Amino acid sequence: MAFLLSRLLSDSMLGDATLFQRSDMVATSWNIVAPVLEAWDADSPADFPNYAAGTWGPAAADELLVRHGRAWKTC
């Protein structure tokens, strides 16, 4: 990882832009991604089985396994 960071810094100081995105490419990427993010924010699915971090997950996951004759393997 340190090698990659030093390579990135070295290339930037030498003016080698091959490892970097141009600003117009970044802007175009955001023009594509932003509407998707906005749509997700505006219309979240009502039946999404979300759960709190650090818990065992949604009950829907257990129900899915039971419907197919499976179970979580626990120690």
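Not measured: the values here are computed from a predicted model.

Engineer: It is not clear to me how the overall build of the protein chain should be interpreted in this structure. Could you clarify?
Structural biologist: Each helix and strand in the protein chain was counted, giving three helices and zero strands. Secondary structure elements of the protein chain occur, N-terminal to C-terminal, as α-α-α. Relative to its length of 75 residues, the protein chain is extended, with a C-alpha radius of gyration of 22 Å against a globular reference of 11 Å. Counting only C-alpha atoms and orienting by the principal axes, one finds that the protein chain spans roughly 60 × 40 × 20 Å.

Engineer: Just to check I follow, could you spell out the pattern of salt bridges for this structure?
Structural biologist: Close approach of charged atoms allows side chains with opposite charge to pair. Overall, the coordinates contain two salt bridges when judged by the stated rule. When the shortest N-O distance is used, the salt bridge between Asp11 and Arg7 registers 2.8 Å. One end of the pair, Asp11, and the other, Arg7, are both in helix α1 (residues 2–14), four residues apart, so they sit about a helical turn from each other. Overall, Asp11 belongs to the buried group, its relative accessible area being 7%. A salt bridge links Asp24 to Arg22, with the nearest nitrogen and oxygen atoms 2.6 Å apart. Under the relative-accessibility criterion, Arg22 is labelled exposed at 57%.

Engineer: How should I be thinking about the side chain of Asp11 in this particular structure?
Structural biologist: There is a polar contact of 2.8 Å between the side chain of Asp11 and the side chain of Arg7. With near-sequence residues (within four places) excluded, Asp11 lies in contact with Asp16 and Leu19.

Engineer: Could you clarify how one ought to interpret a nonpolar patch on the surface in this entry?
Structural biologist: Side chains of Val26, Trp30, Ile32, Val33, Val36, Leu37 and Trp40 sit close together on the surface and give an oily, nonpolar patch of about 700 Å² of accessible area. Mapped onto the secondary structure, Ile32 falls in helix α2 (residues 23–42).

Engineer: Quick question: what am I supposed to make of the environment of Trp56 here?
Structural biologist: Checked against the element boundaries, Trp56 lands in the loop between α2 and α3 (59–67). When its relative accessible area of 87% is taken as the criterion, Trp56 is described as exposed. Sequence separation between Trp56 and Leu8 is 48 residues; the distance between their C-alpha atoms is 40 Å.

The rules behind each value
- Residues numbered from 1 in each chain as written.
- Predicted model: local features only at pLDDT ≥ 70, side-chain atom pairs only at ≥ 80, totals over all residues.
- Heavy atoms only, no water.
- Helix = DSSP H or I, 4+ residues; strand = E, 2+ residues; numbered from the N terminus.
- Rg over C-alpha atoms; globule rule 2.2 N^0.38 Å.
- Salt bridge = Lys/Arg side-chain N within 4 Å of Asp/Glu carboxyl O.
- Buried < 20%, exposed > 50% of the residue type's maximum accessible area, 1.4 Å probe, protein only.
- Polar contact = N/O pair within 3.5 Å; in protein donor to acceptor, adjacent residues only side chain to side chain.
- Contact = heavy atoms within 4.5 Å.
- Patch = residues over 30% accessible without salt bridge, like charges linked within 9 Å, V, L, I, M, F, W, Y side chains within 5 Å.
- Areas by Shrake-Rupley, 256 points an atom, 1.4 Å probe, with all protein chains shown as cover.

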